[in-house]
Amino acid sequence: MAWKSRTRSLQVFDTELSADTVEWCPLSPRHDVLACGTYQLQRGSGEDDGTPSRTGRLYLFEFRRDGSMSPPLTELQRMDTAAILDLKWCHVPVSGKAVLGMAAATGELQLYTLSDSQEGGRSLQTLSSLEVGAERLALSLDWSTGRMDGSSDVRVVCSDSAGCVSVLSLAEGALTALSQWKAHDFEAWISAFSYWDTQLVYSGGDDCKLKGWDLRIGPSSPTFISKRHSMGVCSIHSNPHREHILATGSYDEQVLLWDGRNMRQPLSESPMGGGVWRLKWHPTDQHLLLAACMHNDFHILNCQQAVEGSGGACPLVASYILHNSLAYGADWSRLSLEEPAPCSPTAAEPKENLTESRGHLRIQYESPTASFDTSLEDDAGQYIPEGIAPPSTGSTAGRALDPDGNAPSLSCLLASCSFYDHMLHVWRWDWAPDEAQQETEQC
């Protein structure tokens, strides 16, 4: 069966500082809330001021689907902070509220709660912070709650530029350090829980090593050390739908899929054409994996055959190629897109539009690839509204049939950000059986 894959840009926002992380809130009814973090290195201006400073800004947005022609993304809040290396929402409510974790360049793990005002607005309020170590950057964080099972045991794992991994607990609104150990010889770029056994922690470092740790026996020695990646390991994500399945990415431009019961040999190896800074499994589909590939844009992989043991590289089913700088942050929203999504209006000049609407930009894009159709404007420069599909060619690998033999379509809302051009993009991906191809086959 042929499949049609199409990505559509909904809005572009200038974050002013270099953007490196975006996260949609996973909790209902807050699936429309998006956080974005930035990182800016400020060099010392004089001979006596040679120490660089790292500053950042935390943005909070709301995605509104009211059917109007106004930009769907509304800025709710911005906070100047230390430079932000990573953001992650806790997957379960803490004392009834959504909690956002932030890894900061000050070496701190900072937590914020999402609060609703009496006027109906939303904002982030400081909850707790803890320094994981002096003279280091906190580089990544992950929550133990990835399966959203409502466990009362809420923990955070954090990695840092000194090569250490820290595990902390969150109880009664306060962070408490449980353990910390030297995990890697250089920067520990990434750390993550196994969502199926949260006593297992994974870490990846600039020493090109992927390691596993069992918190029950202590961190004196790892449960495994893999040198399968040939460069620094910078992304790890446990599959929340499929036990034992783990995805890792590296500066070596490869995505590896693993069965956690056998870390000697990966299930598959997929070349991405760029360093894989972030990986995110789809929130409901166990086979779809989103990859932010630094110098080579953002891609969605269909990992079904690899997960089922067929081996081989995972096919790409979609690509978003409208960023003009390093692809760093990416995330899926759980917000339903069953109804047509709103579009941003046409803008005359990007600079004027930026000034008038506080960062909402329109961009032009020349030609999509043969496999994927990305629509922004038609040949006359007019914006293509939702529901009016420009002509496209090509089809992609499909997905599993449901028990009735049907091939369900999929519509997803995503966000991504790029570094040096400081841009946040919100976009839509539609994946469905190619009806025209089906009719041809039936005839």
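A short tour of the structure in this document, coming up. Computed from a predicted model, the values in this text were never measured in an experiment.

Conventions used here
Residues numbered from 1 in each chain as written. Predicted model: local features only at pLDDT ≥ 70, side-chain atom pairs only at ≥ 80, totals over all residues. Heavy atoms only, no water. 1 Å grid on protein atoms, 1.4 Å probe; cavity = no way out; pocket = protein on both sides within 12 Å on 5 of 7 lines; lining within 4 Å. Points joined across faces, edges and corners; volume = space filled by probe spheres on them. Nonpolar A, V, L, I, M, F, W, Y, C, P; charged D, E, K, R; others polar. Phe/Tyr/Trp six-rings, centres within 6.5 Å; stacked < 30°, edge-to-face > 60°. Buried < 20%, exposed > 50% of the residue type's maximum accessible area, 1.4 Å probe, protein only. Pairing = 2+ DSSP bridges. Helix = DSSP H or I, 4+ residues; strand = E, 2+ residues; numbered from the N terminus. Axes fitted to C-alpha atoms, helices over the stretch in contact; angles between N-to-C directions. Salt bridge = Lys/Arg side-chain N within 4 Å of Asp/Glu carboxyl O.

### Some details on empty space enclosed by the protein
Then, in step 1: Considering all chains together, one arrives at three cavities of 30 Å³ or more under this definition.
Then, in step 2: If you add up the space inside the largest cavity, you get close to 80 Å³.
Then, in step 3: Contributing to the lining of the largest cavity are 13 residues, with K88, I190, I236, H237 and L279 lying nearest its centre.
Then, in step 4: Residue composition of the lining of the largest cavity, by class: six nonpolar, three polar and four charged.

### Focus on the packing of aromatic side chains
Then, in step 1: Going through the model one piece at a time under the given rule, you end up with 16 aromatic pairs.
Then, in step 2: Pairing Y59 with F61 gives two aromatic rings, centres 5.7 Å apart and planes at 15 degrees, and the pair type is stacked. Considered together, Y59 and F61 belong to a single accessibility category, that of buried residues.
Then, in step 3: The interplanar angle of 50 degrees and the centroid separation of 6.3 Å between the aromatic rings of W332 and W429 together place this pair among those described as tilted.

### Focus: the sheet that holds strand β26 (residues 316-320)
Then, in step 1: Spatially, β23-β24-β25-β26 is the arrangement adopted by the four strands of the open sheet, whose pairing is antiparallel. This sheet does not close on itself; its edge strands, each paired only once, are β23 (278-281) and β26. When the angles between neighbouring strand axes are averaged without regard to direction, this sheet yields 20 degrees.
Then, in step 2: Bridge analysis of β23 against strand β24 (residues 288-292) gives four bridges, and the strand direction is antiparallel. When the bridges of β24 are listed, R278 appears paired with A292.

### Some thoughts on the environment of A318
Then, in step 1: When you line up the elements, A318 lands in strand β26.
Then, in step 2: Here A318 falls in the buried class, since its relative accessible area comes to 1%.
Then, in step 3: Along the chain, A318 and D430 lie 112 residues apart, while their C-alpha atoms are 9.2 Å from each other.

### Quick word on the pattern of salt bridges
Then, in step 1: All told, the structure shown has 20 salt bridges when counted by the stated rule.
Then, in step 2: Among the ionic pairs, D86 bridges to K88, the shortest N-O distance being 3.0 Å.
Then, in step 3: Judged by relative accessible area, D86 falls into the buried class, the value being 1%.
Then, in step 4: For K88, a relative accessible area of 13% corresponds to the buried category.
Then, in step 5: Ionic pairing is found between D153 and R155, a salt bridge with its closest N-O pair at 3.2 Å.

### What to know about the environment of G37
Then, in step 1: Residue placement: G37 occurs in strand β3 (residues 33-38).
Then, in step 2: For G37, a relative accessible area of 0% puts it in the buried group.
Then, in step 3: As for G37 and L17, which are separated by 20 residues in sequence, their C-alpha atoms are 9.1 Å apart.

### What about the pairing of strand β20 (residues 245-250)?
Then, in step 1: Most of β20 sits out of view: six of its six residues are buried.
Then, in step 2: What you see with β20 is no split at all: I245, A247 and G249 on one side and L246, T248 and S250 on the other are buried throughout.
Then, in step 3: Here strand β19 (residues 233-238) runs beside β20; their pairing, made up of five bridges, is antiparallel. Paired with V233 across the strands is S250, a residue of β20.
Then, in step 4: Turn length for the β19-β20 hairpin, with the two strands adjacent in sequence and antiparallel, is six residues, and the turn residue H244 shows positive phi of about 80 degrees.

### A look at the sheet that holds strand β9 (residues 108-116)
Then, in step 1: Here four strands make up an open sheet; going across it, the order is β7-β8-β9-β10 and the pairing antiparallel. Lying at the two open borders of the sheet, with one neighbouring strand each, are β7 (84-89) and β10 (122-131). Direction aside, the axes of adjacent strands within the sheet are offset by 25 degrees on average.
Then, in step 2: Inspection of the sheet shows β9 paired to β10 by nine bridges, in the antiparallel sense. Residue L111 lies in a different strand from β10, and its bridge partner there is S128.

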